There are 2 protein chains.
Amino acid sequence: MPYVSARLWDDEDVRCLSLMCDEVHEHGALAGVELHHGGAHSPNRETRLAPIAPSALASDYEPAVVPRAMELADIRRIQEQWVAAARRARSAGFDIVYVYGAHSYLPMQFLSPFYNRRTDAYGGSFANRARFWLETLELVRGAVGHDCAIAARISLDALGPAGVEIEEGLAFVRAADHLVDLWDVNIGSIDEWSKDAGASRFFREGYQLEWTGRIREATAKPVVGVGRLTNPDRMAEIVSSGVWDVIGAARPSIADPFLPRKIEEGRLDEIRECTGANVCVAKAEDWRHLGCLQNATAGEEYRRGWHPERFARASNADRDVLVVGAGPAGMECAIVLGKRGLRRVHLVEAEAELGGCVRWISRLPGLGEWGRVVNWRTVQLGKLRNVEVITGLELSAADAREYGAEIVVVATGARWAADGTSPATHAPIAGADASLAHVLTPEQVMVEGKRPPGSRVVVYDCEGYFAAAGLAELLAGERFDVELVTPLEQISPFSDMTLEGPLLRQRLHDRGVSMRREAAIIRVEPGGVTGETEFGDLFELETDGIVLVTQRISNDAVYVGLAGDEEALRAEGVEAVYRVGDCVAPQLLADVIFDGHRLGREIDSPNPAIPLPALRERPTV
Amino acid sequence: MPYVSARLWDDEDVRCLSLMCDEVHEHGALAGVELHHGGAHSPNRETRLAPIAPSALASDYEPAVVPRAMELADIRRIQEQWVAAARRARSAGFDIVYVYGAHSYLPMQFLSPFYNRRTDAYGGSFANRARFWLETLELVRGAVGHDCAIAARISLDALGPAGVEIEEGLAFVRAADHLVDLWDVNIGSIDEWSKDAGASRFFREGYQLEWTGRIREATAKPVVGVGRLTNPDRMAEIVSSGVWDVIGAARPSIADPFLPRKIEEGRLDEIRECTGANVCVAKAEDWRHLGCLQNATAGEEYRRGWHPERFARASNADRDVLVVGAGPAGMECAIVLGKRGLRRVHLVEAEAELGGCVRWISRLPGLGEWGRVVNWRTVQLGKLRNVEVITGLELSAADAREYGAEIVVVATGARWAADGTSPATHAPIAGADASLAHVLTPEQVMVEGKRPPGSRVVVYDCEGYFAAAGLAELLAGERFDVELVTPLEQISPFSDMTLEGPLLRQRLHDRGVSMRREAAIIRVEPGGVTGETEFGDLFELETDGIVLVTQRISNDAVYVGLAGDEEALRAEGVEAVYRVGDCVAPQLLADVIFDGHRLGREIDSPNPAIPLPALRERPTV
């Protein structure tokens, strides 16, 4: 819940999933299914039943969820259900069936003394704790093991209490090796998912090898491993070395579903490398449609009919297009327009370099790999012969109108408010004016090099994502005495959805950044600010300066200047003016890029300013 | 998103919703539809598009959502969509069509200077700010107003910046009165929903009348109002007085869908009065299936086939049942078994009074109305001639086995851990032992009257709902110096889902309770405790005592004693032993009651211990 999820609970589910398996096979691939039981981590939002687990110990992950301890009959029932699900999986056409344990799910709960306090044959010694998983594997093997491969996913080291440490992880691999055709290995637990699906801010490519690379001590069977692998050379090196046989790459495949084919065909410069920003995870955690910083078509293949690599020639391809602004949205739009065969596409950027805001964002501590958003697009633009990139040329509305293009796309981005205007107040903060020495915007800090006139600085965050936390870390690194203040309930709450939150706050703390939440700044003066707590109590902070990370404002002057004078447009032969990205409204980078892509895909639709409807799910009886 | 929601976007939606309207009409009722546009509060998780609003001012409700300002063409387009949706609503069979503005949605965003900074004909003066809504009402009236009634919902006073104050609210009612057939009035805004769907902890029955009662100054049209109305006499008084014509009662109707009929037929003692615990809201906010403290069948009518008032005679109705424990689950189960005609149902309670944990929970500050859970069930039990209630009789497993019933249902509840065992640690806290004077459990405080030996007390909350916050408020009211400490990210986070959080924290603050979050207690000693922050830093608190609200433990001794000896059961003629409620696993009160109800409904199923499958939604192509 609340997603309507795919299940294998009865024959009707088999029928539905067999349609998917058929499609998978049509393309020469194998279909696998990760059959899992969440045990203690099952809030059962839909059934409203009490969860079951090895022992009646509350979930360390789901709030206020306490399971009942499984009786022997429960163990048998769940094992029978696993077998029944495996049989249904086989009927549906799946080739690989998992008895999935990783993320502290039920089999690992039996294996781990943190969850398992049983005193019967399923608890206590390692052999007893391993019994549930081994029996289940054996039953599934017996039921479908000649027709399906049997896989097991195990977290070899939980890096915390909620699982096992590496030696017991390897011991289980040895004990179950005769029952398993494919080992799927990772690290961390359900509560420490941030260490498995690690963000690039904190984890280097292949970082899980330190633990999961040791699996060869315990098995000669095929192994799949994961851990931020995006570089083909590094992947090949790992496979050649014999440590793993398969590179698991969920996030890199969202960024580029054609990753394997591009490697196979040697088109390495066309690979959209995953940035590790974890916006895909955030989209899921926040119940949004899938999204990706690198791949605007992710999740749009079916509902919008967008193939990631195929672009139909536009019916108005005889037109010339001017794209004003080469930030992420403008670059993406120009690439799509180029691929759709528009006669001439001019991408004009006021700055000397491409990338817009991503240029400075990727200079925030730990966000270097976000620069791949610019790098990949820069390379692709260079390959398109109908696209010309012009830098160092700032265009006014009049310039754009007179440029000579029939279609103008404005992609001029956004800037941070210079007066403290914020979502909660819709008004400036008294005394906040970034033309003063002690008041700073993120761009002033990152692009202009402005710094507070003294050693103390308050970073004020009304947004809750990477900008304020990144600036605080950056300024702390420059030996400023930093206090991060936010009216939000948590420091950088959106970073919790990208799995960066706890690690980020720990890092800020370790770097000496003070943090104060549910506190609004209501007045800024030289030497100090006045704030108000959630309870309406006032407080004062002495500081030499304040960085305002309150709200972004669209740079819409060029668009408004163009669209506001239809007669002038007609006089210059401009048929249409559109805008994309942050200059429409400030959004997540992934959605800004999507916006640019969307316009390119629909540049020849009846009204490109209004997106075409997408397929959607709806209730039916 | 993420729910697959009902929409009126195309003909297929019309077809789906017409099935509902037909059913509604079949029962002699009118079908209404609240057509709404969220404006700035539209994160557009599904479409990924930038939202639109009167001005480009960020949502004060949805994090980091900034809309673009609507152009004139957008205004026309949205109005056309409203008309098209109204036409579809008419085609589907709806009788009442809303142009819905309340909760700071788009029409109120135009009306409110907090959202509307336009300088064209749609912003500035009251007449200009009202224009969008008035025009839309007029267009909808013109399109379907002869076939459908036109309703408007307005928050007459936002009680904050995000709307209008009462005088402008009434002014709008006057201005639009000729276009509207039904006024639907409330208070608050989207960010202040807690003041509209007010919890009983903070709001008295009919509290909104202070504001919305004034609507008669502006209109003679029919009016529907809301605000925790559960008492038929109070409802009748309001309608008779002419203030409102219709009592809006969403929550009371979840608690009792037959509320109007029971009033009509004078069966007032059978009405399940809403407790105002807002668990229905919490279930929605937490993406759970609907639930209700009073009505276990809420949301189960279709998927489980449970009619709230109809109970089929059980096929094993010739059996005698013993229910051990008259807490909420045991009482509910006994009522259902009684209604299903079981020969003799004995409900045996160890204490002198019925209600189990609800007896002391309803004595926490502000939770008195939760006692309705016990009151309603006590009355119903008294009406069932086949149910006998016996109090003051504690039964051991042997007593229950030898009681003489063929079926035994154990409902012995749960207790709070006396040693600090918590979800995050699965282990006791060093030094925590509630047999000591300075260590207390909630039951010791509430039932036994134990108090800390001194004036200072720490309440330690690892659960995050009402118990710890309630105890802190209670002890502060007794002049203890209280510090509420929690390892969770927020104080009482689940109370945010019941819309109690901000008001609760403000009240605790006002009563002098200190609050410390993301802090774990790791050692308890006489005179003080040692804690650890989220960053691993240790701290010491001087205190005379600590109340441990860490985790509940099921009282399963009677069940285990019974179920563990099948031979003895057979010898005594006991055919089956079941358990329900907190003694299975501690859950939300609503789910505990559901659990008791469920067993009663399925007492004659093939295996009553395992719930029958419910209808579910599934993906289809």
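Located above this text is the structure these notes cover.
Residues numbered from 1 in each chain as written. Chains lettered and ligands numbered in written order. Predicted model: local features only at pLDDT ≥ 70, side-chain atom pairs only at ≥ 80, totals over all residues. Heavy atoms only, no water.

**Overview of the interface of chain B and chain A**
- Contact with chain B, which involves 82 residues of that partner, is made by 82 residues of chain A.
- Each partner contributes to the roughly 7,000 Å² buried at the junction of chain B and chain A, and carbon and sulfur atoms together form 51% of this total.
- Put simply, chain B and chain A have 20 salt bridges between them.
- In this structure, A:R616 engages B:D13 in a salt bridge whose closest nitrogen and oxygen atoms are separated by 2.5 Å.
- Summed over the shared surface of chain B and chain A, the result is 44 residue pairs in polar contact (both at pLDDT 80 or more).
- Mapped by element, the contributors of at least two residues to the side of chain B that touches chain A are α1 (11-26), α18 (501-510) and α21 (589-601) of chain B.
- Considering each element in turn, the side of chain B that touches chain A owes the most residues, 4 residues, to α1(B).
- Counted by class, the side of chain B that touches chain A contains 37 nonpolar, 13 polar and 32 charged residues. (Contact = heavy atoms within 4.5 Å. Buried area = accessible area lost by both parts, 1.4 Å probe. Salt bridge = Lys/Arg side-chain N within 4 Å of Asp/Glu carboxyl O. Polar contact = N/O pair within 3.5 Å; in protein donor to acceptor, adjacent residues only side chain to side chain. Helix = DSSP H or I, 4+ residues; strand = E, 2+ residues; numbered from the N terminus. Nonpolar A, V, L, I, M, F, W, Y, C, P; charged D, E, K, R; others polar.)

**Notes on the state of the cysteines**
- Applying the stated rule across the entire model yields 0 disulfides over all chains.
- There is no disulfide at A:C292, and the cysteine sulfur nearest it, in A:C280, is 6.5 Å away.
- Residue class for A:C292 comes out buried when judged on its relative accessible area of 8%.
- Looking at B:C357, it has no disulfide partner, and the nearest cysteine sulfur is the one in B:C583, 12 Å off.
- Overall, B:C357 belongs to the partly exposed group, its relative accessible area being 22%. (Disulfide = S-S within 2.5 Å. Buried < 20%, exposed > 50% of the residue type's maximum accessible area, 1.4 Å probe, protein only.)

**Describing the sheet that holds strand β23 (residues 576-579) of chain A**
Residue and element names in this part refer to chain A.
- Here 5 strands make up an open sheet; going across it, the order is β11-β10-β9-β12-β23 and the pairing parallel. With one partner strand each, in any of the chains shown, β11 (387-390) and β23 form the two edges of the open sheet. Along the sheet, successive strands turn relative to each other by an average axial angle of 15°, direction set aside.
- Direction of pairing for strand β9 (residues 320-324) relative to strand β10 (residues 344-348): parallel, over a ladder of 5 bridges. Its bridge partner being in β10, D320 is matched across the sheet by R344.
- The strands that helix α11 (residues 328-339) touches are β9, β10, β11 and β12 (407-410); relative to β10, the one it contacts most, it runs at about 170°. (Pairing = 2+ DSSP bridges. Axes fitted to C-alpha atoms, helices over the stretch in contact; angles between N-to-C directions.)

By themselves, these figures tell us nothing about what the structure is for.
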